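# Overview (structure and organization)
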Amino acid sequence: MEPLLKGTNLVKRYGKVTALDHCDFDLYPGEILAVIGDNGAGKSTLIKAISGAVIPDEGEIMLEGKPIRFSTPIEARAAGIETVYQTLAMSPALSIADNMFMGRELRAPGLMGSVFRKLDRPRMEKFAREKLNELGLMTIQNINQAVETLSGGQRQGVAVARAAAFGSKVVILDEPTAALGVKESRRVLELIRDVRSRGIPIILISHNMPHVFEVADRIHIHRLGKRLCVIKPGDYSMSDAVAFMTGAKLPEGVAEPA
Amino acid sequence: MTDAKTASSFEEGLKGASEKVAEFHEEKSQLKRLQHWLHQTPSAVPMIVLMVALLVFGVLAENFFKAGTLSVILQQIAIVGILGCAQTIVILTAGIDLSVGAIAVFSSVLMGQATFRYGVPAEIAIVIGLILGTAMGAVNGLLIAKMKLPPFIATLGTWQILLAANFIFSANETIRSSDIAATAPALQFWGGSIQPGGIKILYAVFLMIALVAIMSYVLRSTAWGRHVYATGDDPQAAELAGVPTGKVLIQVYALAGFFCAVAGWVMIGRFGSVSPTASTGQLGNIQSITAVVIGGISLFGGRGSIVGMFFGALIVGVFEMGLRLVGTDPQWTFFLIGVLIIFAVAVDQWIRKVAS
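Residues numbered from 1 in each chain as written. Chains lettered and ligands numbered in written order. Predicted model: local features only at pLDDT ≥ 70, side-chain atom pairs only at ≥ 80, totals over all residues.

### What about unusual backbone geometry?
Residues and elements named next belong to chain A. Positive phi outside glycine occurs at Glu64, with the angle close to 50°. Relative to the elements of secondary structure, Glu64 occurs in the loop between β4 (58-63) and β5 (66-68). Judged by the 14 C-beta atoms lying within 10 Å of it, Glu64 is partly exposed. Positive phi outside glycine occurs at Leu224, with the angle close to 50°. Here Leu224 is to be found in the loop between β9 (218-223) and β10 (226-231). (Helix = DSSP H or I, 4+ residues; strand = E, 2+ residues; numbered from the N terminus. Buried ≥ 20, exposed ≤ 12 C-beta atoms within 10 Å, placed from the backbone.)

Here is the structure:
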């Protein structure tokens, strides 16, 4: 099977720091790929390179066999790659519906939309409400309430719902459960499986080993700016994975980079 | 793949627990409710202050509630109100524009000199003035969005540069009102008025109200308006969510420049003459910022409504007129406006705490 999303030889330098050091990356159709790594290993940079937030200095990214080069997150989104950032990327003072459609607002039909650029608020609100209900993650009464009046879990839910609603090719989740309680985490993990069952592959960045081992089909272990190895959660234990990513142990057939 | 349902054994403990996730049943006090209401209706505070001011002056000064008085108040705030439209969109992006007055005065001088020095027909001179005013605003936008200068510093610079350029270009020369009326009446268009029942209402007043209404619609009901709010609220988040924040900033400052140029055109109508030394050049920025702040628009960006700015400008106008009719020392106006500014910012801080 061909990878849906493939990165080869990705390099990104920030001044003297090399965040990505000839890194490879593969995502296959319909899978949940977890990306784990110690702090500073370059996970975030890798994800940003894929989602268009960072432009790699070298290397190539292919989506469905075609080379892509995003210079902004908007281009990545247009190509069907949605990202839920750890910071959630939401405007706190704006409403849930406004946030879900930020950057891809719906315009009213007819003259009001084409000439006066009027937003189609009823349609946007209906869609937002549907997506949140589908998720069942929260009990939000008012789709027009400001995001800052929501709890952490509810905000996360809105962000995940936004990505799931619009991501047609790939959904990237950066630490989606880090700020959540036990029950809310469970809902998010269920949602991740829901999204996969619709055939959309997911990249999951997480520090939470139980969550990673529970939902991931494959685990990409990132170390010192590159891919150290890819393991299947059935083949190794959580402590093995932690040992690999911290450098305490090396997987078979892999030499420690100089 | 591991079986999903049994994956995390520690979660066994969840069985039998309530299925509800993070529901909130806060006991809301009256004060909390007020805070939430103000959070959703940012122009409520200035509206209440305006009502109270109208009532107080209505009681204290007997000729206050005459149609003539009210029309003079509207006339007085026409220019500040238009500059306030410019200042509002800038402050919504968490910026500030100190050059609004300078752009207005320079644009009015450009319109006047194009007509009288270079013989351009007045209508075309007006268009030239509007375009150059927009360009001056766009320069502010480029300095802030591309060169990443803090808005305060960038516009502090352009304020001085534009004001000086205005004096140099005009050679400190005032174009007399009678000359304009004779050869280029289009320049004075906004000074015209309708007089239903003997009450004079300037065209400029209608223009200000129309601009506030249009911008209120644009900010609330178009994608661009939402992007302005998002850019001021959290620029990083907006950028990641797909808002081209740099482009939005340049557009906002350019549009602000356009509004300033419109204010410059209105100034010719209000004052009759074209004067490079008009006080708007020095005071326009402070007056417009005052209207915006009293109008409940947050200096931290992303919060407030342009209708609030209109109320803010009206409050200032009502105070000036009311205190004059009551016959107090005019310094009391500034005293009370200072108090109002501090009150408005304190209320803004309190409202923003709703989040935490």
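### Brief notes about the sheet that holds strand β1 (residues 5-14) of chain A
The pairing of strands in a sheet comes from backbone hydrogen bonds and takes either a parallel or an antiparallel form. Residue and element names in this part refer to chain A. Strand order in the open sheet formed by four strands is β2-β1-β4-β5, with antiparallel pairing between adjacent strands. Of all the strands in the sheet, just β2 (17-27) and β5 have a single pairing partner and so form its edges. Going from strand to strand, the sheet's axes swing by 30° on average, the running direction of each strand aside. With three bridges connecting them, β4 and β5 associate as antiparallel partners. By the bridge assignment, Leu63 is partnered in β5 with Lys66. (Pairing = 2+ DSSP bridges. Axes fitted to C-alpha atoms, helices over the stretch in contact; angles between N-to-C directions.)

### A short note on the pairing of strand β3 (residues 32-37) of chain A
Residue and element names in this part refer to chain A. Within β3, six of the six residues are buried, which leaves it mostly tucked inside the rest of the structure. Of the two faces of β3, the one holding Ile32, Ala34 and Ile36 and the one holding Leu33, Val35 and Gly37 are both buried throughout. Relative to strand β8 (residues 202-205), β3 runs parallel, the two sharing four bridges. If you follow Ile32 over to β8, its bridge partner there is Ile202. In this structure, β3 lies alongside β9, joined through five bridges in parallel fashion. Across the sheet, Leu33 pairs through a bridge with Arg218, a residue of β9.

### As for the confidence of the model for chain A
In regions of low pLDDT, the predicted coordinates are not meant to be interpreted in detail. Mean pLDDT over chain A works out to 87, with 96% of the residues at or above the 70 mark. Within chain A, β3(A) carries the highest mean pLDDT (94), whereas helix α7 (residues 182-197) of chain A carries the lowest (83). (pLDDT = per-residue confidence, 0-100.)

### Structural notes on the packing of helix α9 (residues 223-233) of chain B against helix α11 (residues 245-271) of chain B
All names here are of chain B. Between α9 and α11, whose axes approach to 10 Å, the crossing angle comes to 110°. When the interaxial angle is binned, α9 and α11 end up roughly perpendicular. Contacts between α9 and α11 involve His227, Val228 and Thr231 from the former and Thr245, Val248, Leu249 and Val252 from the latter. When its residues are assigned to classes, the contact of α9 with α11 shows four nonpolar, three polar and no charged. (Parallel < 35°, antiparallel > 145°, perpendicular 65-115°, else oblique. Contact = placed C-beta atoms within 7 Å. Nonpolar A, V, L, I, M, F, W, Y, C, P; charged D, E, K, R; others polar.)

### Some points on the packing of helix α8 (residues 203-221) of chain B against α9(B)
All names here are of chain B. Between α8 and α9, whose axes approach to 5 Å, the crossing angle comes to 75°. Taken together, the axes of α8 and α9 lie roughly perpendicular to each other. Two secondary-structure elements touch here, α8 through Val218, Leu219, Arg220 and Ser221 and α9 through Trp224, Gly225 and Val228. Of the residues contributing to the contact of α8 with α9, the split by class is four nonpolar, two polar and one charged.

### Some points on the pairing of β1(A)
Residues and elements named next belong to chain A. Two elements, β1 and β2, share seven bridges in a ladder whose sense is antiparallel. The partner of Leu10 across the bridge, within β2, is Cys23. Hairpin connection from β1 to β2: two residues lie between these consecutive antiparallel strands, with Gly15 at a positive phi of about 60°. For β1 and β4, the ladder comprises five bridges, and the chain directions are antiparallel. Bridge pairing in β4 places Val11 opposite Glu58.

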